[in-house]
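# Structural description and commentary
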Amino acid sequence: MDLVTWDAFIFGLGIGCLAAPALLLVVLAAASFLSRRLTERATARLTAICVIFGMVCAMIILGTMLASGSRKVVIELGNWVAIPSEHYHFQLRFIFDRLSIPFVLLTYVLCGVVGKFASRYLHREIGFTRFFLFYSFFFFGMVVSSLAGTIETLFLGWEFVGLSSALLIAYFHQRTNPVQNGLHVWAIYRLSDAALVISMLTLHHATGGGDFDHIVGRQPWPLGNVELDQFNLLMISGLLLIAAAGKSALIPFCGWLPRAMEGPTPSSAIFYGALSAHLGAFLLLRFSPLIAASWIVSTVVILIGLATACLGAMSARVQADVKSAIAFSSLTQVGIILVEIGLGLPYVALIHIIGHACLRTLQFLRAPSVLHDYNALENAIGSRLSPTHLPESLTEASFGRQWTYRFSLERGFLDEILRSYIVAPFMGTFRWFDKQERRWTQFLSGESGEERAAAIHQDRSLEELT
């Protein structure tokens, strides 16, 4: 096979990896838009075909890279936006390397497992089609994020993952709590996305582009040379760390994690046990040369990882439901992964991500049947299982143990700190502007204070809904 034909073959495989989740998303979205409801069997088969096709393409690329000794394959789809006068271009570029291929294969495997599980778990559920539509958003977003060769492309997939996550938390939208919790998580994700956007703009100004080659050099991951001055390096790394903290529920944003358990079990498994919780760590791994270039950034990453791991371990021990306990246990491991990244051990962190994601997916999928299995075991032996540990009564515990329990139960009081010192001043500022606007509008319209107050009372504000 000549060189041109070989390159075309690899290019076709790369397109196949991306086209598989895109096809699933387009078909399910078109069916919903046209009100053509697919049967459960058709939806499950289409999902399985897309997952298997994309995974086979990725495995063939991996095989060719191992056979040829290549460490990096680039798929370029050209510049979609170019502004030469501003030195800006938006290029769709995807890379297959030692970081992206394991992560995209992990995405295919776990999405396939969860898709198969969900087709049975949600059998005859009213929201079956809706779940798989949101699932296709997530699937597409994860594949794009994993293979992204530019920070803009990564942001595209990042947004799909965030949108599907918030929608799946509000899956049971007939109840108020899931909608409120979905909105809460969406607000945290907005903050995370804003940090990623600012870092993207800063990178463009500092390096002249958003391509990873411009940022860390053309050497394959995890090698790379960073040619940024200290100020830009600290600023970009700090913004990326905020983006990763919001997406992976690290300190100080870990308060949204128990709220995310409102979604159905398959979404909890794939989001907060398997893939989404590790997307922040993946982002830091992709930019690991930036972290390694500054001991300050490395130290901050290690400290945040240690604090998150400790808080996750403490909170997991006081949770009253199994899904929240598993979620906080996942948070502990994500914190340890951050420590590994900060210590300059990218391969260890990558292996840790893969092993931990597979374990947590299994635990989340088994969670609904644990109580049933427990009862079945008691019926089989004819007596109740004795608890291995009898908890100490809080009234008899020392002050230190009581305080530790309260600290763990309140997740370090981080929600209250964020609410008091960030959300409250922010809301207060906007309420002041709103008040001034109302006064000005009242002055121009000539309405009396009572008429205006009655009109305001009739309108349900967004704050009332939240």
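The sections below set out a description of the structure shown in this document. Model, not experiment: these values are computed from the prediction.

### Considerations on the overall build of the protein
Each helix and strand counted, the protein has 18 helices and 2 strands in total. The C-alpha atoms of the protein give 24 Å as radius of gyration, which agrees with the globular expectation for 466 residues (23 Å, within 12%). Summarising its shape, the C-alpha atoms of the protein cover approximately 80 × 75 × 55 Å along the three principal directions. Going through the 466 residues of the protein one by one, you find that 46% of them count as buried. In the protein, the share of contacts with a sequence separation of at least 24, taken over all contacts with a separation of at least 6, comes to 76%. For the protein, the computed accessible surface area is about 23,500 Å², with 65% contributed by carbon and sulfur atoms.

### With respect to the environment of Thr404
Here Thr404 lies in helix α15 (residues 399–409). C-alpha separation for the pair Thr404 and Asp213, spaced 191 residues apart in sequence, amounts to 47 Å. At 2.7 Å, the side chain of Thr404 and the backbone oxygen of Gly400 are in polar contact.

### Considering empty space enclosed by the protein
As enumerated under the stated definition, the model contains 2 cavities of 30 Å³ or more in all. In this structure, the largest cavity encloses a volume near 130 Å³. What lines the largest cavity is a set of 16 residues, and nearest its centre among them are Phe212, Val216, Gln219, Trp221 and Arg286. Among the residues making up the lining of the largest cavity, the classes are represented as 8 nonpolar, 3 polar and 5 charged.

### Here we look at the packing of helix α5 (residues 151–169) against helix α10 (residues 276–286)
Running from N to C, α5 and α10 point in directions that differ by 160°, and their axes come no closer than 11 Å. Put simply, α5 runs roughly antiparallel to α10. Seen from above, α5 lies across α10 with left-handed handedness. Residue-level contacts link Leu154, Trp158 and Val161 of α5 to Ser276, Leu279, Gly280 and Leu283 of α10. Partitioned by chemical class, the residues of the contact of α5 with α10 number 5 nonpolar, 2 polar and no charged.

### Here we look at a nonpolar patch on the surface
A surface patch of nonpolar side chains, about 740 Å² in accessible area, is lined by Ile417, Tyr421, Ile422, Val423, Phe426, Met427 and Phe430. In this structure, Met427 sits in helix α16 (residues 414–445). Classification of Met427 by relative accessible area gives partly exposed; the value is 31%.

### Thoughts on the state of the cysteines
For the coordinates displayed, the defined rule picks out 0 disulfides. In this structure Cys57 is not part of a disulfide, and its nearest cysteine sulfur, from Cys17, lies 5.2 Å away. Cys254 provides the cysteine sulfur closest to Cys310, a residue in no disulfide bond, and the two sulfurs are 12 Å apart.

### Considerations on unusual backbone geometry
Cis geometry marks the peptide bond from Trp221 to Pro222, where omega comes out at 5°. With an omega dihedral of 10°, the bond running from Ile251 to Pro252 counts as a cis peptide bond. Relative to the helices and strands, Pro252 resides in the loop between α8 (230–248) and α9 (265–274). The phi dihedral of Ala249 falls on the positive side, at around 60°, and the residue is not glycine. Along the chain, the position of Ala249 falls in the loop between α8 and α9. On the basis of relative accessibility, which here comes to 1%, the residue Ala249 falls in the buried class. Backbone geometry places Arg411, a non-glycine residue, at a positive phi of 55°. Note that Arg411 resides in the loop between α15 and α16. The buried category is assigned to Arg411, whose relative accessible area is 18%.

### As for the pattern of salt bridges
Tallied over the entire structure, the rule returns 8 salt bridges. Between Glu76 and Arg93 there is a salt bridge whose closest N-O contact spans 3.1 Å. Pair noted here: Glu76 is in strand β1 (residues 72–83) and Arg93 is in strand β2 (residues 88–97), with a separation of 17 residues, a long-range link. The salt bridge partner of Arg190 is Asp193, with a shortest N-O separation of 2.5 Å. In this pair, Arg190 and Asp193 are both assigned in helix α6 (residues 176–207), 3 residues apart and thus about one turn of the helix distant. Judged by relative accessible area, Asp193 falls into the buried class, the value being 4%. What you see here is one network of salt bridges that share partners, running through Glu159, Arg190 and Asp193.

The rules behind each value
Residues numbered from 1 in each chain as written. Predicted model: local features only at pLDDT ≥ 70, side-chain atom pairs only at ≥ 80, totals over all residues. Heavy atoms only, no water. Helix = DSSP H or I, 4+ residues; strand = E, 2+ residues; numbered from the N terminus. Rg over C-alpha atoms; globule rule 2.2 N^0.38 Å. Buried < 20%, exposed > 50% of the residue type's maximum accessible area, 1.4 Å probe, protein only. Contact = heavy atoms within 4.5 Å. Areas by Shrake-Rupley, 256 points an atom, 1.4 Å probe, with all protein chains shown as cover. Polar contact = N/O pair within 3.5 Å; in protein donor to acceptor, adjacent residues only side chain to side chain. 1 Å grid on protein atoms, 1.4 Å probe; cavity = no way out; pocket = protein on both sides within 12 Å on 5 of 7 lines; lining within 4 Å. Points joined across faces, edges and corners; volume = space filled by probe spheres on them. Nonpolar A, V, L, I, M, F, W, Y, C, P; charged D, E, K, R; others polar. Axes fitted to C-alpha atoms, helices over the stretch in contact; angles between N-to-C directions. Parallel < 35°, antiparallel > 145°, perpendicular 65-115°, else oblique. Left-handed = near helix turned anticlockwise from the far one by under 90°. Patch = residues over 30% accessible without salt bridge, like charges linked within 9 Å, V, L, I, M, F, W, Y side chains within 5 Å. Salt bridge = Lys/Arg side-chain N within 4 Å of Asp/Glu carboxyl O. Disulfide = S-S within 2.5 Å.

Remember, this is a structural readout, not a statement about activity or role.
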